[in-house]
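# An overview of the molecular structure
Listed here are the chains, written in short residue letters.
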Amino acid sequence: MSEDGTATTSTDQTAETMSSKEKRKHKVIIVGAGMAGLSSANHLAKNGCTDFLILEGRNRVGGRIVSIDMGSQKIELGANWIHGVLGNPMFELAMQHGLISIINIPKPHKVVAATEDGKQVPFQILQEIYEAYVCFLRRCEEYFLCQYLPPPDIHSVGEHINLEVELYLDGVDCAKEKHLRKLIFDCLLKRETCITGCHSMDEIDLLELGSYTELQGGNIVLPSGYSSILKPLCDNLPNENIVLSCPVRRIHWKRKATRRAGGAAAAGATATILEEDEEEQDDGNESDDSDRTVTEVPVGAGGAEPTQEERRAGEEAARRIKSSTANVVVECENGAIYEADHVICTLPLGVLKEQAETLFVPALPQYKVESIDSLLFGTVDKIFLEYDRPFLNATISEIMLLWEKQEEDGEGQERDGQWLKDNWYKKIYSFSKVSDTLLLGWISGREAEYMETLSHEIVAERCTDILRQFLKDPFVPKPKRCVCTSWRKQPFSRGSYTAIAVGASQDDIDNIAQPLYSSPHQSKPSVMFAGEHTHANFYSTVHGAYLSGRTAAQILLTPDSPQEIVMESDSSDLSSWIQGIALD
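As a starting point, this report considers the structure included with it. Computed from a prediction, not measured in an experiment: that's the story for all the values here. (Residues numbered from 1 in each chain as written. Predicted model: local features only at pLDDT ≥ 70, side-chain atom pairs only at ≥ 80, totals over all residues. Heavy atoms only, no water.)

### Considerations on the sheet that holds strand β6 (residues 110–115)
To be explicit about the condition: Strands pair, by our definition, only if DSSP identifies at least two bridges between them. What counts as a helix is a DSSP run of H or I of at least four residues, what counts as a strand is a run of E of at least two, and both are numbered from the N terminus. Angles shown run from 0 to 180 degrees and are taken between the N-to-C directions of axes, each axis being a line fitted to C-alpha atoms and, for helices, limited to the stretch in contact. Only heavy atoms matter for contacts: two residues are in contact if any of them lie within 4.5 Å across the pair.
Read from one edge of the open sheet, 6 strands run β6-β15-β16-β17-β14-β18, paired in mixed fashion. The open sheet is flanked by β6 and β18 (481–484), the only strands paired with a single partner. If you compare each strand with its neighbour and ignore which way they point, the axes differ by 25° on average. Helix α7 (residues 175–196) rests against β6, β14 (380–386), β15 (396–402) and β17 (438–444) of the sheet, and its axis sits at about 110° to β15.

In structure tokens form, the structure reads like this:
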């Protein structure tokens, strides 16, 4: 999929030529063209269902997968690796299409760790602390896997690891040696926030850490960029089935009428609840607890007063939506209205956190809203620095930055703008070599969000100062180019990926994934949810998004012809086994 004139033409043409009722009505509408959306569409197309439409807010497909050229390198602004080989559908897809030529040639990997005064830590100390840290992290995972209880008052991964670190350091007599080891542990915890997708490991639920399933085989990089995996998925999809630059404003899903819709006047078009005909309604014998219907009708909060023009447009949309006989009506920001039997919503958790209460009409059931709020959708950003010439020793692959711990007066001060302004860059835990002339730094949490407000020039200057300080070399050159990501600022992502916060659990992921039915008698759901945040074991990954999208499409296909479902030509059915969902 290109980002040139072709994409725009497709959008314009769609808006102009799809005014007929036939073109506006589809069997399936997929909201979002990230990995989950493309996977759903691909699975539908492979099984002979081409009556679907993908609505994508961006002017490109791929969502949080985006590769760009930087110098002679392909760099990943979003998803970086295929995580694991065994049973990973992304690896299988990449192999099938020749995107991986040679697997995992080990590169020389020499990590150096330096303190703020430029002193390098002996490698054996680094190795000792790293091995201890990995051991502490594995112990945290065991609470989920073995179902035993942690020490009292320890609820988060951060608290547990810090307790282990304290006990470990008690055995070190020399204060200087103890301090140095503590700095390495702190650095590794910062690294963990980027892996997990949070501000601090104190936010991550200890009992749920082991719920994430790690696939064996290490991290695989695609030489032609992660975006290259999008082509085989898009090749099966007709161009006219994808509408780009078309953000969705509301999803109106039909359900049985209810007398409890007290909040009908909320949020403009929220009054336009699609109702079934009286004779279609149930006889009142259905249990309110049925998982095939929605019993809660939350009262929406009133927002700003709409303008006269907005009110008129809202009334016109309401009229058209009210007269629709479709299960679902999707209203777009550009005024276009599409009808469908089913919608697969693949909007990221960050977008749902911001918009879920106004996006769905009627509003989502309360259990779903609470689960969306409970889970964490953190910010992880990258800083790429490109140089004219190499300046790091050829054998060094990464410099770990052992920052001194900042004195904080508590959470209030940390949130203070001045504190972030003075200290944001101390969350960068290392710079690693992508190539001899390209370095990559990672940053997470509130510091990452603050960095997104700065110009690339300011970030580049600060990174140059850091490198000069830690390498004890005033001649470290300034980069010729600096590229920083801004996943929190992006309106169609609003963060990076999902993590399970303290107090949340896998149940919350399952709650979000739960489909919505128009009535208890409906055989297939009206609204389905897919995306990495809906996969209970592979949350935060591309393969989690892919499998969730495939499952959603499969549910819509299964009743029609279960024996004819086409799956990928896996050498085994491990993907499906690991997914833990029965194919029938």
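### Remarks on the side chain of S211
What counts, and what does not: Buried means the residue's accessible area, taken with a 1.4 Å probe over protein chains only, is under 20% of the maximum for its type, while exposed means over 50%, and partly exposed covers the values in between. Polar contact is the term for a pair of N or O atoms within 3.5 Å; when the atoms are in protein, one must be able to donate a hydrogen and the other to accept it, and sequence-neighboring residues count only if both atoms are side-chain atoms.
In this structure, S211 sits in the loop between α7 and β7 (219–220). Judged by relative accessible area, S211 falls into the buried class, the value being 1%. In terms of polar contacts, S211 uses its side chain to reach the backbone carbonyl oxygen of E208, at 2.6 Å. Not counting residues up to four positions away in its chain, the partners in contact with S211 are F144, I500, Q506, A536, N537 and Y539.

### Observations concerning helix α15 (residues 456–471)
What counts, and what does not: The length a helix should cover is 1.5 Å for every residue beyond the first. Arc definition: it is the arc formed by the directions from the helix axis to the C-beta atoms.
The end-to-end C-alpha distance of α15, which contains 16 residues, comes to 22 Å, matching closely the 22 Å that a straight helix rising 1.5 Å per residue would cover. Taken together, the buried positions of α15 are V459, A460, C463, T464, I466, L467 and F470. Buried residues of α15 fall within an arc of 165° about the axis and therefore sit on the same side. Positive backbone phi, at 55°, marks K472, one or two positions downstream of α15.

### Some points on the pairing of strand β3 (residues 67–70)
Where a strand is regular, its side chains alternate between the two sheet faces. With 4 bridges joining them, β3 and strand β4 (residues 73–76) adopt antiparallel strand pairing. Bridge pairing in β4 places S67 opposite E76. Linkage of β3 to β4, two consecutive antiparallel strands, is achieved through a turn of 2 residues, within which G71 is found at a positive phi near 65°.

Just distances and angles here, no functional claims.
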